[in-house]
Amino acid sequence: MTSSKKRGCLGCSFPVLIITVIIVLGIVIVGFLSGPIGQGILERLGIHITFPSWLVSGKPAIHLAAPEIFNIFGLSITNTILAGWITAIFLVLGSWLITRRMKLVPGRLQSVFEFLLGWIYDLCESVAGKENGRKFFPVVCTIILFVGFNAWLSLVPGFGSILVNAHGSEHELLRGANTDLNTPLALAIVSFFFVAFYGLKSLGVGWLKQYFNFGPFFKSIGRMFKGKFNVMDIFSGVINAFVGGLEFLSMLIRLISFTFRLFGNMTAGEILVLVGAFLMPMAVNWIIYGFEALVGLVQALVFGILTLVFATMAVTSHETESH
Amino acid sequence: MDPESMKMLAIGLVMGLGALGPGLGIGILGYGAMQGLARNPEARGPIFTNMLLAIAMAEAIAIYALVVAILLGFIF
């Protein structure tokens, strides 16, 4: 604040800043006092204030299973599926609109998306190398964009507040797709088959040999019939088969861990927002929203990068690593 | 102790004890990343990406505890 022109803080002059701070503080304090914690404190002090009903939110009702909204020929369409469709339509329409008229000198929207995709592409290349990065980019980028936009879409105010009457009770029309266990499971299965496809394509049967490694064991048994009895050979064969079984088990566990990581993070975020709105309406959700935006981005990145890392591990064989 | 309070105790213990290990793990990871960053500030990008990955791995364990706690709290 050396020059007299630039007085003020955070880009506004002092009176505006002070008024803003007072308004924000007022909202926070009123919100805090209207929640259950503030009510408890007020009751201890012997003060009774009745707050307007729109300020007091009810106890959060948390459903883990997504309720069915309507069904098409016996296929039940839940609210999470609807949100997933909206995300997909949004992404497809968005990319169509942006790539429809591409220019050499990009406009604003195009440059934003070029930056985003370029960043993900660089990430793919830095993890998987030049050739494989180009191959893995489409699937990884789709996963990152879908999960990320889905998480951010469910943070849009009003997203979860449209209620519809279905099967005699009221439900939200839309809910973040990854708060249903089925969507993360589907994504994890997609990533699993993606890894298996590239593993089989680049290493052939050698990829399966990591998991079903019975070759040395049978060879040692065969040698036993030829008269060369060697206990250590049989023992190492058994150990090899066992290690392969462990690898197979870890692959299945990876599927579960992919699923529950995404599901748990998204569900926890939603419950955190609900509980924040219940305990201190209007007071803490400002911070929680910022945190949830970060969590959505990080989870999308983690899902994509882990898929990328496992795919890279699958295409580089173990033999070439050790020798 | 009646079943209801036992359930509440179980939920609290699941989440609290389940967050203990991953908390330590994330702390150690952050420590390692900071040290790496202080020794080699140019490697900021790769260190940050790998740190996020490893933190997500550690965090997943807390998330399992959270899923169990949610199941105990809202389903059973």
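Whatever comes next refers back to the structure up there.
In what follows, the accompanying structure is described. What you see is a predicted model, and the numbers here were worked out from it, not measured in a lab.

What follows concerns the overall build of chain A. Helix and strand counts for chain A stand at 11 helices and four strands. Taken over C-alpha atoms, the radius of gyration comes to 28 Å for chain A, far larger than the 20 Å a tight globule of 323 residues would show. In terms of principal-axis extent, the alpha carbons of chain A reach across some 95 × 55 × 50 Å. For chain A, buried positions account for 35% of its 323 residues.

All names here are of chain A. Summarising the sheet, strand S3 (residues 163-166) and strand S4 (residues 169-172) pair through four bridges and their orientation is antiparallel. The residue of S4 that forms the bridge with Val164 is His171. As consecutive antiparallel partners, S3 and S4 are separated by two residues, and within that stretch His167 has a phi angle of approximately 55°, a positive value.

Each pair of packed helices gets described by two things: the angle between the helix axes and the distance between those axes. Residue and element names in this part refer to chain A. Look at helix H6 (residues 182-203) against helix H10 (residues 285-315): their axes get within 8 Å of each other, and the N-to-C directions meet at 25°. Considering their axes alone, H6 and H10 lie roughly parallel with respect to each other. Handedness of the crossing formed by H6 with H10: right-handed. Contact residues: H6 offers Pro184, Leu187, Ala188, Ser191, Phe194, Val195, Tyr198, Gly199, Ser202 and Leu203, while H10 offers Phe303, Thr307, Phe310, Ala311, Ala314 and Val315. Of the residues in the contact of H6 with H10, the class split is 12 nonpolar, four polar and no charged.

Our next topic: the environment of Leu279(A). Residue and element names in this part refer to chain A. Residue position: Leu279 is located in helix H9 (residues 231-279). Under the relative-accessibility criterion, Leu279 is labelled partly exposed at 31%. The spatial distance from the C-alpha of Leu279 to the C-alpha of Gly290 is 18 Å, given a sequence separation of 11 residues. Apart from residues no more than four positions distant in its own chain, Leu279 is found in contact with Gly35, Pro36 and Ile37.

Geometry of an aromatic ring pair is reported as the spacing of the ring centres plus the angle between the planes. Residue and element names in this part refer to chain A. Evaluation of the coordinates by the stated rule reveals 13 aromatic pairs over all chains. With a centroid separation of 5.5 Å and 75° between ring planes, the pair formed by Phe192 and Phe193 is classed as edge-to-face. Ring geometry for Tyr211 against Phe248: centres 6.4 Å apart, planes inclined by 65°, an arrangement best described as edge-to-face. With Tyr211 in the loop between helix H7 (205-209) and helix H8 (215-225) and Phe248 in helix H9, this residue pair connects regions lying 37 residues apart in the sequence. The class of Tyr211 is buried, set by a relative accessible area of 7%. A connected cluster of aromatic rings, assembled from ring pairs, spans Phe136, Phe194, Phe197 and Tyr198.

This part takes up the nonpolar core. With 40 residues, the main nonpolar core has Phe136(A) and Phe303(A) as its most contacted residues. Breaking this core down by element, the ones donating at least two residues are helix H4 (108-128), helix H5 (130-153), H6, H9 and H10 of chain A together with helix H2 (44-75) of chain B. Broken down by element, this core gets its largest block of residues, 11 residues, from H10(A). Listed in part, the eight residues of the second largest apolar core include Ile271(A), Ile63(B), Leu66(B) and Val67(B).

Residue and element names in this part refer to chain A. There is a patch of nonpolar side chains on the surface, built from Phe70, Ile72, Phe73, Ile81, Trp85, Ile89, Leu93, Trp96 and Leu97 and spanning about 970 Å² of accessible area. Among the secondary structure elements, those contributing two or more residues to the nonpolar patch are strand S1 (68-72) and helix H3 (79-100). In terms of residues, the nonpolar patch owes the most to one element, H3, which gives six residues. With respect to the secondary-structure elements, Phe70 resides in strand S1. Classification of Phe70 by relative accessible area gives partly exposed; the value is 36%.

Conventions we followed
All chains use their own residue numbering, which begins from 1 and follows the written sequence. Chain letters and ligand numbers both follow the written order, the letters beginning at A and the numbers at 1. At least 70 in pLDDT is required for a residue's local features to be given in this predicted model, at least 80 for side-chain atom pairs to be given and counted, and no such filter applies to totals for whole chains, interfaces and linings, which use all residues. To obtain the side-chain values, all non-hydrogen atoms of the structure were included, while hydrogens and water were left out. Secondary structure is summarised from DSSP: a helix means a run of H or I of at least four residues, a strand means a run of E of at least two, and numbering begins at the N terminus for each. Each radius of gyration reported is based on C-alpha atoms, and the globular scaling rule is 2.2 Å times the count of residues to the power 0.38. Burial status follows relative accessibility: with a 1.4 Å probe on protein chains alone, a residue under 20% of its type maximum counts as buried, one over 50% as exposed, and anything between as partly exposed. Here the rule is simple: two strands pair whenever DSSP picks up at least two bridges between them. Only the stretch in contact is used when fitting a helix axis, every axis being a line fitted to C-alpha atoms; angles between N-to-C directions are given from 0 to 180 degrees. Roughly parallel covers angles under 35 degrees, roughly antiparallel covers those over 145, roughly perpendicular covers 65 to 115, and oblique covers all other angles. By convention, the crossing between two helices is left-handed when the near helix turns anticlockwise from the far helix through less than a right angle, and right-handed when the turn is clockwise. Throughout, a contact is declared for two residues whenever any of their heavy atoms are within 4.5 Å. Polar here means any residue other than Ala, Val, Leu, Ile, Met, Phe, Trp, Tyr, Cys and Pro, which are nonpolar, and Asp, Glu, Lys and Arg, which are charged; Gly is therefore polar. Aromatic pairs are defined between Phe, Tyr and Trp rings, using the six-membered ring for Trp, whenever the two ring centres lie within 6.5 Å; interplanar angles under 30 degrees are classed as stacked, those over 60 as edge-to-face, and all others as tilted. The set of buried Ala, Val, Leu, Ile, Met, Phe, Trp, Tyr and Cys residues whose side-chain atoms join them within 4.5 Å is what this entry labels a nonpolar core. Like-charged residues are merged into a patch within 9 Å and nonpolar side chains (Val, Leu, Ile, Met, Phe, Trp, Tyr) within 5 Å, provided each residue has over 30% relative accessible area and no salt bridge. Note on areas: Shrake-Rupley with a 1.4 Å probe; residue coverage comes only from the protein chains shown. By definition here, a salt bridge exists when the distance from a side-chain nitrogen of Lys or Arg to a carboxyl oxygen of Asp or Glu is within 4 Å.

Any functional reading would require information beyond the geometric quantities listed.
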